[in-house]
Amino acid sequence: MAGIAVFSAQDVIIKLLSDTYPVHQAMTIRSLVALPLLLALVAVTGGVSTLVSKSAPLLAARGAIMFVSYTSYYLAFAALPLATCVAIFFVAPLFITILSAFFLRESVDAPRWVAVLMGFLGVLVIIRPGTVVFDAATLLPVLAALTYAVSQTLARKLGETNSAAVMTFYGNGVYLLAGIVLAMAFGGSGSTEGMHKSLSFLMRSWSDPSVRDLLLMAACGVIAAVGLTLLSQAYRSTRASTVAPFEYVAILLSIAYGWFIWGEWPDFIAWAGIAIVISSGLYVMARERGGQAS
C-alpha cells in the first residue's frame, strides 16, 4: 500500500507533463535520477556484488516487460481521465491471480475464480467497447496490466535468489536504455499536431523543460526508486495473490487526485465498473485470508 501511495503521486506528475513533453523524456530523466539512489540501496541491503547474478538475463527481461507496462500505462494518461486509467489497470491483480495459479502453482478456489471473472466484467463496464464513449486508448491500461502481472509473477520467482533492490536496479537500467532508444527514434519526428493524444505523447520530440518541470521529472526518479522497491519487496515476500488486492487503494487515490486537480469525476456507469473491480479484489483478498487461516 505504501508503494502504491508513492506511485500515485508519480501518476499525477506524468499526466501533468503529458501535454508538453514526450513520455521517453520523463522516463529517461526519472531513470537517471533513480540510478544512484538504487545503487546506494543495493550497496546497503546486500552489497554491490549482488548485482552479479546468475538470473541477470531474466532480471533484464523482467525490466523490459515492466518498461512496456509503465510506458503503456503512461501513454493512456494523455487521453483518458486519471481514474479511468487506474481503474482499467486494476485488471492486473486479476491477471496476477490467474498467473499465480498456472505458473506458480498457487491454489485458487472456485469462488475466487468467480471473483476474477466479475472483475473483468467490471473493467468491460468501464471501457464500454462498442459505444460512442469508447477510446482505443483504454486498451493501453489493459496491456499495461497484463505485462505488469507477468513482471510481478516473475518477481515472486526471482525474489527467491535476488533482493528487491537488485530487481529494481535492473528494471531501472532497462528503463534508462529504452528511454534513450525511444528518444533517438522519435527525436526528429517533427510536429505531432492532430495526432491522437497518446501517440503524440509517445512521438513528441524532446524540449527544454522549465525548472519546475525538470524538478517534477527528477522527483519521479525518487518516487520510482522508493515505489518499485516497496512493491518488489512485497511480491518477493509472500504469495502474489495475497499482495495484489491491496493495490486497489490506487483507484481511490486517483479519483481524489482527478477531482482536485482536473475536475474529473466518474459517471454512474464508470462508478458501477469501479465498484465491481474493487469488490472483486476485496473478495479475492478475503478468500485468500480464509484459505491461509484454514
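On a predicted model such as this, the values are computed, not experimentally measured, just so you know.

J.: So what exactly am I meant to see when it comes to the UniProt feature "domain: EamA" (unreviewed entry) in the protein chain here?
T.: With numbering aligned to this structure, UniProt lists the feature "domain: EamA" (unreviewed entry) at residues 5-127 and 139-280. Between the C-alpha atoms that bound residues 5-127 there is a distance of 24 Å. The span itself is 78% helix and 0% strand.

J.: Teacher, can you tell me more about the pattern of salt bridges here?
T.: Oppositely charged side chains may form a pair once their charged atoms are brought near each other. All chains considered together, the criterion is met by 4 salt bridges. We note a salt bridge from glutamate 264 to lysine 15, for which the minimum N-O separation is 3.8 Å. Taken together, the residues glutamate 264 in the loop between helix 12 (249-262) and helix 13 (268-293) and lysine 15 in helix 1 (residues 2-17) connect sequence positions 249 residues apart. Overall, the relative accessible area of 18% leaves glutamate 264 in the buried class. The salt bridge partner of aspartate 213 is arginine 212, with a shortest N-O separation of 2.7 Å. The exposed category is assigned to arginine 212, whose relative accessible area is 54%.

J.: Would you mind showing me how to read the side chain of asparagine 162 here?
T.: Looking at the element boundaries, asparagine 162 is found in the loop between helix 7 (139-158) and helix 8 (164-186). Residue classification places asparagine 162 among the buried residues on the basis of a relative accessible area of 3%. Setting aside residues no more than four positions away along its own chain, asparagine 162 makes contact with Ser53, Ser55, Leu59, Met167 and Arg236.

J.: Before we go on, may I ask you to explain the environment of leucine 143 in this structure?
T.: Within the element layout of this structure, leucine 143 appears in helix 7. Among the residues examined, leucine 143 registers a relative accessible area of 39% and is labelled partly exposed. Between the C-alpha atoms of leucine 143 and tyrosine 73, which are 70 residues apart in sequence, the distance is 8.0 Å.

J.: Honestly, a nonpolar patch on the surface in this entry has me stumped. Any pointers?
T.: On the surface, Leu16, Trp259, Phe260, Ile261, Trp265 and Trp271 cluster together into a nonpolar patch covering about 680 Å² of accessible area. For the nonpolar patch, the element with the highest residue contribution is helix 12, accounting for 3 residues. Within the fold, tryptophan 265 resides in the loop between helix 12 and helix 13. By relative accessible area, tryptophan 265 is classed as exposed at 52%.

J.: Explanation requested: the packing of aromatic side chains in the structure shown.
T.: How two aromatic rings sit relative to each other is given by the distance of their centres and the angle of their planes. Overall, the coordinates contain 16 aromatic pairs when judged by the stated rule. Relative to tyrosine 74, the ring of tyrosine 70 lies with its centre 6.0 Å away and its plane at 35°, an arrangement referred to as tilted. Remark: tyrosine 74 and tyrosine 70 occur in helix 3 (residues 56-77); sequence separation between them is 4 residues, near one turn of the helix. For the pair tyrosine 70 and tyrosine 74, a shared accessibility class is recorded, and that class is buried. Between tyrosine 74 and phenylalanine 77 the ring centres are 5.9 Å apart and the planes differ by 50°, which places this aromatic pair in the tilted class. Highlighted residues: tyrosine 74 and phenylalanine 77, both in helix 3, separated by 3 residues, approximately one helical turn. Here the aromatic residues Phe7, Phe67, Tyr70, Tyr73, Tyr74, Phe77, Phe89, Phe90, Tyr148 and Tyr175 are joined through ring pairs into a cluster of three or more. The cationic tip of lysine 15 hangs over the ring face of tryptophan 262; the distance from NZ or CZ to the ring centre is 5.4 Å.

The rules behind the values
Residues numbered from 1 in each chain as written. Predicted model: local features only at pLDDT ≥ 70, side-chain atom pairs only at ≥ 80, totals over all residues. Heavy atoms only, no water. UniProt positions renumbered as here; feature names shortened; annotations may be inferred. Helix = DSSP H or I, 4+ residues; strand = E, 2+ residues; numbered from the N terminus. Salt bridge = Lys/Arg side-chain N within 4 Å of Asp/Glu carboxyl O. Buried < 20%, exposed > 50% of the residue type's maximum accessible area, 1.4 Å probe, protein only. Contact = heavy atoms within 4.5 Å. Patch = residues over 30% accessible without salt bridge, like charges linked within 9 Å, V, L, I, M, F, W, Y side chains within 5 Å. Areas by Shrake-Rupley, 256 points an atom, 1.4 Å probe, with all protein chains shown as cover. Phe/Tyr/Trp six-rings, centres within 6.5 Å; stacked < 30°, edge-to-face > 60°. Lys NZ or Arg CZ within 6 Å of the ring centre and 35° of its normal.

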